[in-house]
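One letter stands for each residue in the lines below.
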Amino acid sequence: MDVPYPLSTSDKCGNPSYKIHCKNGSLEFLSAEGIYYKILSINPNASRLIISSPLMQNDTCNSFDLSVGGLRIDENSPFNISSRNTVMLLNCSERILLSPLNCSLNSPCRKFENEVKGCRDTVCCSYLKVDSKTSHRIRVRVGGCTAYTSVVDLKAGDSINAWQYGVELQWLSPK
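Rules used throughout
- Residues numbered from 1 in each chain as written.
- Predicted model: local features only at pLDDT ≥ 70, side-chain atom pairs only at ≥ 80, totals over all residues.
- Heavy atoms only, no water.
- Helix = DSSP H or I, 4+ residues; strand = E, 2+ residues; numbered from the N terminus.
- Rg over C-alpha atoms; globule rule 2.2 N^0.38 Å.
- Buried < 20%, exposed > 50% of the residue type's maximum accessible area, 1.4 Å probe, protein only.
- 1 Å grid on protein atoms, 1.4 Å probe; cavity = no way out; pocket = protein on both sides within 12 Å on 5 of 7 lines; lining within 4 Å.
- Points joined across faces, edges and corners; volume = space filled by probe spheres on them.
- Nonpolar A, V, L, I, M, F, W, Y, C, P; charged D, E, K, R; others polar.
- Pairing = 2+ DSSP bridges.

Draft legend 1. A look at the overall build of the protein. The secondary structure content of the protein amounts to 1 helix and 12 strands. Taken from the N to the C terminus, the helices and strands of the protein come in the order β-β-β-β-β-β-β-α-β-β-β-β-β. A compact globule built from 175 residues would reach a C-alpha radius of gyration of about 16 Å, and the protein, at 16 Å, matches this within 12%. Reported as C-alpha extents along the three principal axes, the dimensions of the protein are approximately 50 × 30 × 30 Å. Every one of the 175 residues in the protein was classed for burial, and the buried ones make up 46%.

Draft legend 2. Structural detail: the layout of surface pockets. The computed volume of the largest pocket comes to approximately 450 Å³. Every residue lining the largest pocket is counted, 20 residues in all, and those nearest its centre are L89, I96, L101, Y127 and R139. Of all elements in the fold, only β8 (123–128) and β9 (137–139) reach the threshold of two or more residues within the lining of the largest pocket. Counting residues per element, the lining of the largest pocket draws most heavily on β9, at 3 residues. For the lining of the largest pocket, the residue count by class is 10 nonpolar, 4 polar and 6 charged.

Draft legend 3. Highlighting the sheet that holds strand β10 (residues 145–152). Strands sit in the order β8-β7-β10-β11 across an open sheet of 4 strands; the sheet is antiparallel. A strand with exactly one partner marks an edge of an open sheet, and here the two such strands are β8 and β11 (164–165). Here β10 runs beside β11; their pairing, made up of 2 bridges, is antiparallel. Of the residues in β11, the one forming a bridge with V152 is Q164.

The structure is reproduced here in structure tokens:
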């Protein structure tokens, strides 16, 4: 995968504020909590990249980044979570039912939870990531929701096989 400017894999190329990492032959994004997420694609024309949704810990409904509270991007970095992500929170406490999130039987998370062994028949909710106040975080925690996934550009009626899993990040152009 080509690394377009301003993205940088070393101090000698690109803009160091737009750091991504090359590990074991693949490109990865490092979160503020020190977790690496594989980069699935880069769209330089739209200033966006897609990182992998977190894997689930074996036979559980816990994201592998649960111990650090989920995905968090440094607020001083040029990256944020784009508004084209439909986030699905899984294995949630019943308190979430009081939130404005879509926790109905029609929520897309219902389709997803049936695909993940440890997540079947748990409380789940989904939302479109549009709030600029939370554009640097997808939060999970014990006592709240312990897992999440994200689908980029989800359209009503799409079959689960057509979903583009991942978390789309966008970057601000350098000044």
